[in-house]
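Structural features, examined
Here is how the chains run, residue by residue.
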Amino acid sequence: MKAREAPADEVDDDDWFEPPTTEQDDTIEHSLFGEILDWMLAPLLLLWPMSIAITYLVAKGIANQPFDHALEDSVTVLTQQVKQADGTLLRRVPDKNSSGRDFLRGDDVDTLYYLVVGGRGEYLDGDRDLPPPQDPDKYRSGMVLFRNDTIHGTPVRVAFTYLDMPSGSDDEPRRTLVQVAETLEKRAQLANEIIKGVILPQFIILPVILALVWFALARGLSPLAQLQERIRARPPDDLSPIESGQVPEEITPLVGSLNEMLARLSLSIDMQKRFIADAAHQMKTPLAGMRMQSELALRQTDHDEIHRSLLQLAKSSEAATRLVNQLLALARAENQPQAGTAFEPIELSELARGVVQDWVQASFAQHIDLGFEQPAYSIMISGNAMMLRELLSNLIDNALRYTPLGGSVTVRVRSTLELAILEVEDTGPGIPQAERAHVFERFYRILGSNVDGSGLGLAIVREIAQQHGAEVDIFNNLRAQSPKLPGTLLRLSIALLLPDAPEEDDITYG
């Protein structure tokens, strides 16, 4: 129901929003060159000891092969001499001064040991201290096998085999053990020589690799330095795109992002320049009028003429004041924090009621019926209360200026299931369909309107609406009764914070 609002205390408009201050940690500069070098050298330094260990194991395997073959040959020769015994008794290996023991000679580096044990475990020949293999039953006869063992506390490499010898009266043959052992000095020396042959060249190659890596990184990152110099050499006012054809493929996305930022910055600067130029042009008219009226008042001697000049001077100062206030409001709306960082829960009906009360006296002075309609339930939105009051004030001011004497202006708050609706309806001359796309531009005024104004009101409305993710639409007032005065309805649609209000039937406006 439409109801006239009584004057009320003015709402305090000094509740400027203070953005929260956040302490930023000191930024730590990282060197891309150093980081790539670290990621390349750290694995290299970790793998180098591993390569030494693997090389040592491989070298030991390589060193074991020729010496194991020599031990196998010794076992074979010794086995052949054992088989030369006749009957069931085994003879000893020939005397050490004979040629039969020449193959068991040691050298100045390693010592050779051998042992022959009969089928009943009796000692036949060799070194008694040479330990026999463990679990002899698991070894097949006739095969030469190898194991690592110790004798007199010294590690040795042992080659051994089992022979099936005739037992005489017994049906089952007896297994004779033949084994030859050798100390590991020559093996260790050969393994060390192999390691030295592999590792020592690495000490020469590694610095060369580091130098080549350093040079390759410096050469590969040189396009970044060139891009830096090209950007640094630009004039301060050069916001043209950076040529992406002269940069590597990996840097192209970064250059593309910089070009997008430069384009946005260039557009913003152009808009600011146009805004300043338009503002300066608009300020000339009221300031020139004030100067002319003040000079005219100084030359007048008639009190009535002086009074009329002072009245015109007051009107000019009022227009200048309003223009400056709107310019400040527009600048303030454009610089509000984005993405809702300054938003808070707001009850839309309560906010709209307070703004309408501020304009009651102005509506009385212009003989315009200013009404307010609201639902019985609460409508909650998220927004900046100060900016929304500014938006509604500009809509009401615009409606009052264009509504003739005796007309009406209605502010209405309602909602759907998902949207909060704020409408300002007047019975003025309306806005032609062709002009509706332009009335939100700065300093744009419809020709022939004959209404004082700066053309900034709806531009401020659009900016604040965009800050809140809202939409502003213009319709004719279907409740207007005069064909010559079709009226205007401006509707602001904004998302509900708590969409729990009952659904209303939507009204179609043309």
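Residues numbered from 1 in each chain as written. Predicted model: local features only at pLDDT ≥ 70, side-chain atom pairs only at ≥ 80, totals over all residues. Heavy atoms only, no water.

What follows deals with the overall build of the protein. Secondary structure summary: the protein contains 9 helices and 13 strands in total. Counting every position in the protein, which comprises 510 residues, the buried fraction comes to 36%. In the protein, the share of contacts with a sequence separation of at least 24, taken over all contacts with a separation of at least 6, comes to 67%. Accessible surface for the protein amounts to roughly 31,300 Å². Of this, 56% is attributable to carbon and sulfur atoms. (Helix = DSSP H or I, 4+ residues; strand = E, 2+ residues; numbered from the N terminus. Buried < 20%, exposed > 50% of the residue type's maximum accessible area, 1.4 Å probe, protein only. Contact = heavy atoms within 4.5 Å. Areas by Shrake-Rupley, 256 points an atom, 1.4 Å probe, with all protein chains shown as cover.)

Let's shift gears to unusual backbone geometry. Peptide bonds are trans in most cases, and residues, glycine excluded, mostly fall at negative phi. Positive phi values are uncommon outside glycine, yet His152 reaches one of about 55°. Looking at where His152 falls in the secondary structure, it is placed in the loop between strand E4 (145-151) and strand E5 (154-165). Take His152: its relative accessible area is 57%, and that puts it in the exposed class. In this structure, His367 takes a positive phi of about 60° despite not being glycine.

As a packed pair, helix H1 (residues 32-82) and helix H2 (residues 185-220) sit with axes 9 Å apart at the nearest point and diverge in direction by 160°. Put simply, H1 runs roughly antiparallel to H2. Handedness of the H1/H2 crossing: right-handed. Tallied by class, residues from the contact of H1 with H2 come to 29 nonpolar, 4 polar and 4 charged. (Axes fitted to C-alpha atoms, helices over the stretch in contact; angles between N-to-C directions. Parallel < 35°, antiparallel > 145°, perpendicular 65-115°, else oblique. Left-handed = near helix turned anticlockwise from the far one by under 90°. Nonpolar A, V, L, I, M, F, W, Y, C, P; charged D, E, K, R; others polar.)

This paragraph deals with the side chain of Ser393. Considering the arrangement of structural elements, one finds Ser393 in helix H8 (residues 385-402). There is a polar contact of 2.8 Å between the side chain of Ser393 and the backbone oxygen of Arg389. For Ser393, the residues in contact, after removing those within four places along its chain, are Val355 and Trp359. (Polar contact = N/O pair within 3.5 Å; in protein donor to acceptor, adjacent residues only side chain to side chain.)

Quick look at the pairing of E4 now. The pairing of E4 with E5 spans 7 bridges and is antiparallel. Within E5, the residue paired with Leu145 across the bridge is Phe160. Taking the residues between adjacent antiparallel strands as the criterion, E4 and E5 are bridged by 2 residues, where His152 takes a positive phi near 55°. (Pairing = 2+ DSSP bridges.)

What follows is about H2. Relative to the 52 Å expected for 36 residues at 1.5 Å per residue, H2 spans 51 Å between its end C-alpha atoms, a close match to the ideal helical length. A maximum bend of about 30° is found in H2 at Phe203, where proline Pro207 lies one to four positions downstream. Where H2 is buried, its residues meet H1, E5 and strand E6 (174-183). (Expected span 1.5 Å × (residues − 1). Bend = angle between axes of the 7 residues up to and from the residue.)

What follows concerns the pattern of salt bridges. Going through the model one piece at a time under the given rule, you end up with 17 salt bridges. Its salt-bridge partner being Glu423, residue Arg412 comes within 2.8 Å of it at the nearest N-O pair. In this pair, Arg412 sits in strand E10 (residues 408-415) while Glu423 sits in strand E11 (residues 419-426), placing the two residues 11 residues apart along the sequence. Grouping residues by exposure puts Arg412 and Glu423 together as buried. If you follow the salt bridges from partner to partner, you end up with Glu373, Arg412, Arg414, Glu423, Glu425, Arg479 and Arg491 in one network. (Salt bridge = Lys/Arg side-chain N within 4 Å of Asp/Glu carboxyl O.)

Pairing within the open sheet is antiparallel, and its 5 strands lie in the order E3-E2-E6-E5-E4. Only two strands of the sheet have a single partner each, and these edge strands are strand E3 (123-126) and E4. Taking each pair of neighbouring strands and ignoring which way they run, the sheet shows an average axis angle of 25°. Two elements, E5 and E6, share 10 bridges in a ladder whose sense is antiparallel. Paired with Tyr162 across the two strands is Leu177, which belongs to E6. Helix-sheet contacts for H1 involve strand E2 (112-117), E4, E5 and E6, and the interaxial angle to E6 is about 140°.

The way to describe two aromatic rings as a pair is by their centre distance and the angle between their planes. Taken as a whole and assessed by the stated rule, the structure comprises 3 aromatic pairs. Centroid distance Tyr139 to Tyr162: 6.4 Å. Interplanar angle 15°. Geometry classified as stacked. Remark: Tyr162 occurs in strand E5 and Tyr139 occurs in the loop between E3 and E4; sequence separation between them is 23 residues. Between Phe160 and Tyr162, the ring centres sit 6.5 Å apart and the planes meet at 85°, which makes this aromatic pair edge-to-face. Aromatic ring contacts, followed pair by pair, group Tyr139, Phe160 and Tyr162 into a single cluster. When the ring centre of Tyr123 is taken as reference, the NZ or CZ atom of Arg128 above it lies at 3.6 Å. The ring centre of Tyr162 lies 4.3 Å from the NZ or CZ of Arg175, which sits over that ring. (Phe/Tyr/Trp six-rings, centres within 6.5 Å; stacked < 30°, edge-to-face > 60°. Lys NZ or Arg CZ within 6 Å of the ring centre and 35° of its normal.)

Purely geometric numbers; function is a separate question.
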